Amino acid sequence: MNYYEHIQTEDPELYELLEGEEERQRDGLELIPSENYVSRAVREAMSSALTNKYSEGYPGRRYYGGQQFTDQVELIAIDRAKKLFGASHANVQPLGGANANIATYMALMNPGDTVLGMDLSHGGHLTHGHPVTYISKIFNFVRYKMKDIETGEIDYDALRETALKEKPKVILAGFSAYPRELDWQRISDIAKEVDAVSVADVAHISGLIAGGSQKNPFEYGFDVMTTTTHKTLRGPRGGMILVNGKNGRGVNGADDASRAEDIAKKIDKAVFPGLQGGPHMHQIAAKAISFREALHPSFKVYAKHVVENAQAMAEVFQNAGVRLITGGTSNHLILADVFGSLGISGHDAETLLDQAGITLNKNSIAEDVRKPMDPSGIRFGTPAMTTRGFGKAESTQVAGLMIDVLTKRDEATVAKAREAIRTLAQEHSVPDSFL
Ligand code: DSN
């Protein structure tokens, strides 16, 4: 089946590139832990007529006419998002995770106010105020770190001390390269103690939360969650902000709803008109479809397998003597110190594995002795391969092939691994539907 029939006729140059990417995804293995494959239904929504429509505003309060279908689409997406995460409010308009975070900062703070977040080198994210971002010039970001890199334990005492000293308006808990679960209760309690709004950036793990294989920060009193929709949640590329109506922090301890409503109003204003223009309605329709898929019982099985597969891969690496940051994984991702353990840099490991048909990314590790463009680590994970139906046996096999390539590094080993990966990929095509 040719999904690009019209592109093939109208723009053969682009057609070749799109077909090339189809083939790359089909015959190789995607181990970047922030990537996944969406269903055909989600892809259809992404190319629907909704891409033609402007819908500034919110359902029932738009700045343009012709919203009889878009309003319904957005309301369905909101309703499903709320159900998935136990939220009292959902804003499904953020175009991506960065927008969701920036809008949340804008909603909850004034310029110059302080945010306490995880250090990037210990697993945090650029949008948590890294000095290279514009947002770091607007707000004052202070940091917490791990206490023990070998176990991944966060230094919660230092986090509390910093919170008491710096009086942040927002305490941000979340990560893009941290393989363990956070102590949501502890962070939520600290936020309460210093009267900060607690925000969980669950971009990486929102699918695991929705599928019940990771704890939901809302159950521990977090006020807000931000997320992307395209990682473990397996939706279209995009973002979302959720508010907790049962945060246990209502005015005078009595009325959680009014605190939540106040936060929700500020977030909606910050997303539009504060930060974005017209929402991408085709993307919102695709989000709605993926949320329905995530509400299906089969998604629980998927989320469980993602974690089991990651743990199976971690075991192979550890048995081969590779140091894993935090000593293993409790979620979907693994951060391996390949330079310290095997003497190959993260960059070279990424390149070599790419040649074997395995896509992952080089990554700095905590207290890295090397530079970010050629760090000591590689980061990889299982959301995409689990979508293809890989189980523990296949995950173990893939990890074994990776170790072979990274230790032997000769052409014959890479070629042999490439063949084995192609066969595995062909035996596990991405299903058209997950239901
Ligand atoms: N780029 C994403 C990741 O790979 O984790 C985060 O934004």
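Residues numbered from 1 in each chain as written. Predicted model: local features only at pLDDT ≥ 70, side-chain atom pairs only at ≥ 80, totals over all residues. Heavy atoms only, no water.

Help me understand the packing of aromatic side chains, please; the structure alone is not making it clear to me.
In this description, an aromatic ring pair is defined by two values, namely the gap between the centres and the angle between the planes. All chains considered together, the criterion is met by eight aromatic pairs. For the pair Tyr105 and Phe141, a centre-to-centre distance of 5.5 Å together with 75° between the ring planes defines the contact as edge-to-face. Linking Tyr105 in helix α5 (residues 97-108) with Phe141 in strand β6 (residues 140-144), this pair joins segments that are 36 residues apart in sequence. Overall, Tyr105 belongs to the buried group, its relative accessible area being 2%. Residue classification places Phe141 among the buried positions, given a relative accessible area of 13%. Joined through ring pairs, the aromatic side chains of Tyr105, Phe139 and Phe141 make up one cluster. Taking the ring centre of Tyr302 as reference, the NZ or CZ of Arg234 above it sits at 4.1 Å. Over the face of the ring belonging to Phe339 we find Arg370, whose NZ or CZ atom lies 4.3 Å from the ring centre. (Phe/Tyr/Trp six-rings, centres within 6.5 Å; stacked < 30°, edge-to-face > 60°. Helix = DSSP H or I, 4+ residues; strand = E, 2+ residues; numbered from the N terminus. Buried < 20%, exposed > 50% of the residue type's maximum accessible area, 1.4 Å probe, protein only. Lys NZ or Arg CZ within 6 Å of the ring centre and 35° of its normal.)

Looking at this model, I keep getting lost on the sheet that holds strand β16 (residues 361-363). Mind explaining?
Strands in a sheet are paired, the pairing made by backbone hydrogen bonds, and the direction either parallel or antiparallel. Read from one edge of the open sheet, four strands run β13-β14-β17-β16, paired in antiparallel fashion. With one partner strand each, in any of the chains shown, β13 (323-324) and β16 form the two edges of the open sheet. One ladder, built from five bridges, connects strand β14 (residues 333-337) with strand β17 (residues 377-381); its direction is antiparallel. By the bridge assignment, Leu335 is partnered in β17 with Arg379. Here helix α12 (residues 297-319) sits on the sheet and contacts β13, β14 and β17; the angle it forms with β14, its principal contact strand, is near 15°. (Pairing = 2+ DSSP bridges. Contact = heavy atoms within 4.5 Å. Axes fitted to C-alpha atoms, helices over the stretch in contact; angles between N-to-C directions.)

Any chance you could explain the site of the ligand here in plain terms?
With respect to spatial proximity, the complete set of residues near the ligand consists of Ser34, His125, Ser176, His204, Lys231 and Arg379. Residue Ser34 places a side-chain N or O atom 2.6 Å away from an oxygen atom belonging to the ligand. Note that an oxygen atom of the ligand is positioned 2.7 Å from one of the side-chain N or O atoms of Arg379. Compared with its free state, where it exposes 230 Å², the ligand has 64% of that area covered by protein. Here the shell around the ligand is built from residues that sort into no nonpolar, four polar and two charged. (Near = heavy atom within 4 Å. Polar contact = N/O pair within 3.5 Å; in protein donor to acceptor, adjacent residues only side chain to side chain. Areas by Shrake-Rupley, 256 points an atom, 1.4 Å probe, with all protein chains shown as cover. Nonpolar A, V, L, I, M, F, W, Y, C, P; charged D, E, K, R; others polar.)

Explain the side chain of His89 here, please?
Structurally, the position occupied by His89 is in strand β4 (residues 89-91). On the basis of relative accessibility, which here comes to 18%, the residue His89 falls in the buried class. Side chain to side chain, His89 and Asp268 meet in a polar contact 2.9 Å long. If sequence neighbours within four positions are ignored, His89 has contacts with Lys82, Ile241, Leu242, Val243, Ala264 and Asp268.

It is not clear to me how the sheet that holds strand β10 (residues 197-201) should be interpreted in this structure. Could you clarify?
With respect to topology, seven strands assemble into an open sheet ordered β4-β12-β11-β10-β9-β5-β6, the strand pairing being mixed. With partners counted over all chains shown, the strands left at the sheet margins are β4 and β6, one partner each. Taking each pair of neighbouring strands and ignoring which way they run, the sheet shows an average axis angle of 20°. Of the pairings in the sheet, the one linking strand β11 (residues 224-228) to strand β12 (residues 239-243) comprises five bridges and is antiparallel in character. Counterpart to Thr227 in the pairing with β12 is Met240. Sheet strands in contact with α5 are β6, β9 (170-174), β10, β11 and β12, and its direction is about 155° off that of β11.

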